[in-house]
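Residues per chain are reported as follows:
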Amino acid sequence: MQRVRLVVVGIVQGVGFRPYIHRLVTEFNLKGWIRNESYGVELELEGTSQAIEGFVARLKAQPPRLAVIEALRVESCGALKNYAGFTIRASEKSGENNTLVSPDVGICEDCLRELRDPRDRRYRYPFINCTNCGPRFTIIRDVPYDRPLTSMGAFPMCPECETEYRDIENRRYHAQPDCCGVCGPRVSYLDAAGNPVEGDAIALAQACLSEQGIVAVKGLGGFHLACKIDQEETLRKLRQRKHRDEKPFAIMCASVDEARKLCYITPEEEAQLTSFRRPIVLLRKRTGTSPYLSENLDLGVMLPYTPLHYLLMEGFDALVMTSANRSDCPVMYDNDEAVEHLQGIADGFLVHNRDIVTRCDDSLLRVFDGQAYFLRRSRGYAPQPLFLQEDCTGVLACGAEQKASFALSKGRAFFLSQHIGDMKNAETLSHYEGQIEHFQRLFGITPTKLVCDLHPDYFSTAYAQERCEREGLPLVQVQHHHAHMAACMADNRLDEPCIGVIWDGTGYGTDGTIWGGEFLEGDYAGFQRYGSLRPIPLAGGDRAVKEISRVGFALALDAGCPELYPMAEGKKKLLTQMIGSGLNSPKASSMGRLFDGVYAILTGREAVTYEGQGAILLEAMAEPCEDAYPVTLEEADGVSWFDFRPMVREMFRELAENLPAAQLAAKFMNTLVALARVQCLAIREKTGRDKVVLSGGVFQNMYLLPRVRDTLTEAGFQVYHHHRVSANDEGISLGQTMIAVKGGGQ
Ligand code: ZN
Ligand code: ZN
Ligand code: FE
């Protein structure tokens, strides 16, 4: 017989951990106690060493579905205390708020079975849930996580639900959102004008969808717009009404088998699709899948994740499920707001009376190397912390501007916000500020240091500056691409000087110009710029981001062959003047803009409808080949610049010879792969660094990412990409936080 103490760190609260432990100690005939501690639980166990070993092995191998065990420590204690049974103790450090808030969880198998079982008292009840599934983050107003402090507070439990809630043997033990048809929320259906319609709400919604209507559906973290996918007419109507010109629509498929009819799915992708986090997974489209859904190679697919979705999907194989928002505003989450702003867009509304407290968009990821590679880490993940190597207590990282996010830290726990959106307007800004306050309250964090981008015009910078001034707090400003680099280092738990290949849209440089095609060397404390792209003039500034022919022409002009670019002479003259005078023509060493310009040259396309579309379409059109253009570098100011002018001239020559643009697209990207190799070799020569981190939005490109990784690995580098946060600006707050703690930035 022996007595041991177990410390389990990770997501082990609010995930049915104590009932699970209760069952396990009974099985192994152990005695002792358990209590919640900061970011974990502590237990004492008495029993035979064999039983204790068996218990620990099982806990490691089969933790509860929603638990994430970051660390497990077993210490042997002194003399036996001869505990009589197993008890749940109150936390010792009362007062300190160290609870973790669980992300929202997709419906579990048990609840799904009950939902479909005519003998179950929750048969076809759209809000069925249990300790293992259901809404969490999106319904919590405040901590402690108790029903009155959630939007379920409006629904007192009926005696039957209450009995389940109190029974430690029951799957609904301490499940705060537990409810049933007697005591819980209800669905209703509203017509296009927002008037309630009598009858079975779900059947009414299905009828509207069947007639090729568009229905606004209230989900977990906000509203979706749903419609059928089988008629182009309907998809066109939705695009028209939503003013969503070309961005791909996400779809919800009734099952993996249905998804397989539209896309190719690997076992790893299937695992992501069916995970309880239920992200949208980008899957390779089959030929014949409507281009009106997505003009790219991929289609974003998710499975139903609420009981309401399952009931709604009974009539359909697949539905478009695109988030409902006014242009550039956060996703809608309130019934009245939806009815008001979706007039003329939705033909009907499937709503319910459980309030969404916190907006949370669907997460978006793809599988790379068998693992999740995030494009948006949001519902199902937020606000679950990442655990860092450093104590970063009190740091508030304010993120960037596009794909905005923020993060608060306490101890080693790093609380990254959900997707906030592009901070272009007052609505998004107020959502951002509100969520910072919400996170501070939920996790009991009072910021003591703020860190933001170097860009003087970002909303997030202004927020940080004002707040620091008001509260007398220190502010650290971090160069955008240094933050990307540090984010990828921290993502991989690196803490030593590395090379950073940071390819991005745009970011403010230390010299006040726009950067974005960077080769950096350094660590959290600082960096050096070793390489970049020859700056590209953006005639008209921001206008050139969507009107990509302006960038295409600028490349031709720079390469000395403006006459080869197909464009009206008058416009050429105007752009040439603008670029020549430098008036409203900022220069950008941006990989994202280089992609836009090359795409415009290859296709003659005039404009795109969203930033980054050129790069996405170039990737989609590329026909893989081995050829590359020569990599030409020019040295100036201690930086090695990629001189793409010879490449551009060669491209025009090849286009004139009618070489297929699809091949040239691949040849262009192969050139970038070669560029990465040449530059990293040169930096290794100078600095001896042999670890390379890959970050920035351009590394969402799945043609580039594996090829850059492979060529660098082959050259003897250790290469790292993102795993836990996105490569795009959403992940930047991770780098900002580490830099602020390790003395970097300015
Ligand atoms: Zn469940
Ligand atoms: Zn009930
Ligand atoms: Fe960026």
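Let us look at the structure shown here.

Some remarks on the coordination of the zinc ion (ligand 2)
Coordination of the zinc ion (ligand 2) by the protein involves Cys158 (SG), Cys161 (SG), Cys180 (SG) and Cys183 (SG), with metal-donor separations of 2.2 to 2.4 Å. Along the chain, the residues donating to the zinc ion (ligand 2) fall in the pattern C-x2-C-x18-C-x2-C. For Cys180, a relative accessible area of 1% translates into the label buried. By relative accessible area, which is 9% here, Cys183 ends up buried.

A few points about unusual backbone geometry
The step from Ala382 to Pro383 runs through a cis peptide bond, and the omega angle for that step is 0 degrees. Residue position: Pro383 is located in the loop between strand S17 (371-376) and strand S18 (386-387). Despite not being glycine, Lys403 shows a phi value in the positive range, around 45 degrees. On the secondary structure map, Lys403 appears in the loop between strand S19 (395-397) and strand S20 (407-410). With relative accessibility at 35%, the residue Lys403 sits in the partly exposed group. Notably, Arg493 is not glycine yet its phi reads approximately 55 degrees, a positive angle. Within the fold, Arg493 resides in the loop between helix H13 (480-491) and strand S24 (498-508). On the basis of relative accessible area, Arg493 is assigned to the partly exposed category, the value being 43%.

Digging into the pairing of strand S25 (residues 514-522)
Of all nine residues that make up S25, eight are buried, and the element is covered over most of its length. Note: S24 against S25, eight bridges, orientation antiparallel. Directly across from Ile502, in S25, lies its bridge partner Glu518. Of the strand pairs in this sheet, S25 and strand S28 (residues 587-590) are connected by three bridges, and their pairing is parallel. Counterpart to Gly516 in the pairing with S28 is Ser590. Sheet analysis places S25 next to strand S26 (residues 527-533), joined by four bridges and oriented antiparallel. Bridging across to S26, Gly522 finds its partner in Phe527. Taking the residues between adjacent antiparallel strands as the criterion, S25 and S26 are bridged by four residues.

Thoughts on the state of the cysteines
Overall, the coordinates contain zero disulfides when judged by the stated rule. Free cysteine Cys360: the closest other cysteine sulfur is in Cys133, separated by 17 Å.

Thoughts on the packing of helix H18 (residues 613-621) against helix H20 (residues 661-687)
In the contact formed by H18 and H20, the axes pass within 8 Å of each other and the chain directions differ by 110 degrees. In terms of their interaxial angle, H18 and H20 are classed as roughly perpendicular. By crossing handedness, the relation of H18 to H20 is classed as left-handed. Contact residues: Leu618, Glu619 and Met621 in H18; Ala661, Ala662, Ala665, Phe668 and Met669 in H20. Taken together, the residues of the contact of H18 with H20 break down into seven nonpolar, no polar and one charged.

Section: the coordination of the iron ion (ligand 3)
On the protein side, the iron ion (ligand 3) has His480 (NE2), His484 (NE2), Asp504 (OD), Asp504 (OD) and Asp729 (OD) as donor atoms, found 2.0 to 2.7 Å from it. Counting residues between consecutive donors of the iron ion (ligand 3) along the chain gives the motif H-x3-H-x19-D-x224-D. Taken together, the positions of His484 in helix H13 and Asp729 in the loop between strand S32 (718-720) and helix H22 (732-741) put the pair 245 residues apart, joining distant regions of the chain. Per residue, the accessibility class of His484 equals that of Asp729, and both read buried.

Some details on helix H11 (residues 426-443)
Between its terminal C-alpha atoms H11 stretches 26 Å, which fits the 26 Å expected from 18 residues at 1.5 Å a residue. For H11, every residue scored as buried is listed here: Thr428, Leu429, His431, Tyr432, Gln435, Ile436, His438, Phe439, Gln440, Leu442 and Phe443. Backbone geometry just after H11 places Gly444 at a positive phi near 60 degrees.

Section: the pattern of salt bridges
Scanning the model with the defined rule gives 54 salt bridges in all. Of the charged contacts, one joins Arg113 and Asp110 as a salt bridge, the two residues approaching to 2.4 Å between their closest N and O atoms. Placement of the pair is Arg113 and Asp110 together in helix H3 (residues 109-115), with a separation of three residues, close to one helical turn. Note on Arg113: relative accessible area 52%, which makes it exposed. What makes Asp110 partly exposed here is its relative accessible area of 28%. Linking Glu547 and Lys571 is a salt bridge whose minimum nitrogen-to-oxygen distance equals 2.6 Å. Separated by 24 residues along the polypeptide, Glu547 in the loop between helix H14 (543-546) and helix H15 (549-558) and Lys571 in helix H16 (residues 569-581) bring together distant segments of the chain. Owing to a relative accessible area of 12%, Glu547 belongs among the buried residues under this scheme. Beyond isolated ion pairs, a larger network of salt bridges with shared partners links Asp110, Arg113, Glu114, Arg121, Arg122, Glu160, Glu164, Arg171, Arg172 and Asp178.

A word on helix H1 (residues 17-27)
Within H1 the residues assigned to the buried category are Phe17, Pro19, Tyr20, Ile21, Leu24 and Val25. In the core, the buried residues of H1 are packed alongside strand S1 (2-11), strand S2 (31-37), strand S3 (40-47), helix H2 (49-61) and strand S5 (86-89). Immediately downstream of H1, the backbone of Asn29 shows phi near 55 degrees, a positive value.

What about the sheet that holds S5?
Across the sheet, which stays open at both edges, the five strands sit in the order S4-S1-S3-S2-S5 with mixed pairing between neighbours. A strand with exactly one partner marks an edge of an open sheet, and here the two such strands are strand S4 (68-76) and S5. Across this sheet, the average inter-strand angle for adjacent strands is 15 degrees, counted without regard to direction. With four bridges joining them, S2 and S5 adopt parallel strand pairing. For Ile34, the partnering residue across the bridge sits in S5 and is Ile88. Relative to the sheet, H1 contacts S1, S2, S3 and S5, its axis offset from that of S2 by approximately 165 degrees. Sheet strands in contact with H2 are S1, S3 and S4, and its direction is about 5 degrees off that of S1.

Conventions adopted
- Residues numbered from 1 in each chain as written.
- Chains lettered and ligands numbered in written order.
- Predicted model: local features only at pLDDT ≥ 70, side-chain atom pairs only at ≥ 80, totals over all residues.
- Heavy atoms only, no water.
- Donors = N, O, S within 2.8 Å, 3.2 Å for Na, K, Ca; no water.
- Buried < 20%, exposed > 50% of the residue type's maximum accessible area, 1.4 Å probe, protein only.
- Helix = DSSP H or I, 4+ residues; strand = E, 2+ residues; numbered from the N terminus.
- Pairing = 2+ DSSP bridges.
- Disulfide = S-S within 2.5 Å.
- Axes fitted to C-alpha atoms, helices over the stretch in contact; angles between N-to-C directions.
- Parallel < 35°, antiparallel > 145°, perpendicular 65-115°, else oblique.
- Left-handed = near helix turned anticlockwise from the far one by under 90°.
- Contact = heavy atoms within 4.5 Å.
- Nonpolar A, V, L, I, M, F, W, Y, C, P; charged D, E, K, R; others polar.
- Expected span 1.5 Å × (residues − 1).
- Salt bridge = Lys/Arg side-chain N within 4 Å of Asp/Glu carboxyl O.

Nothing here speaks to function; it is geometry throughout.
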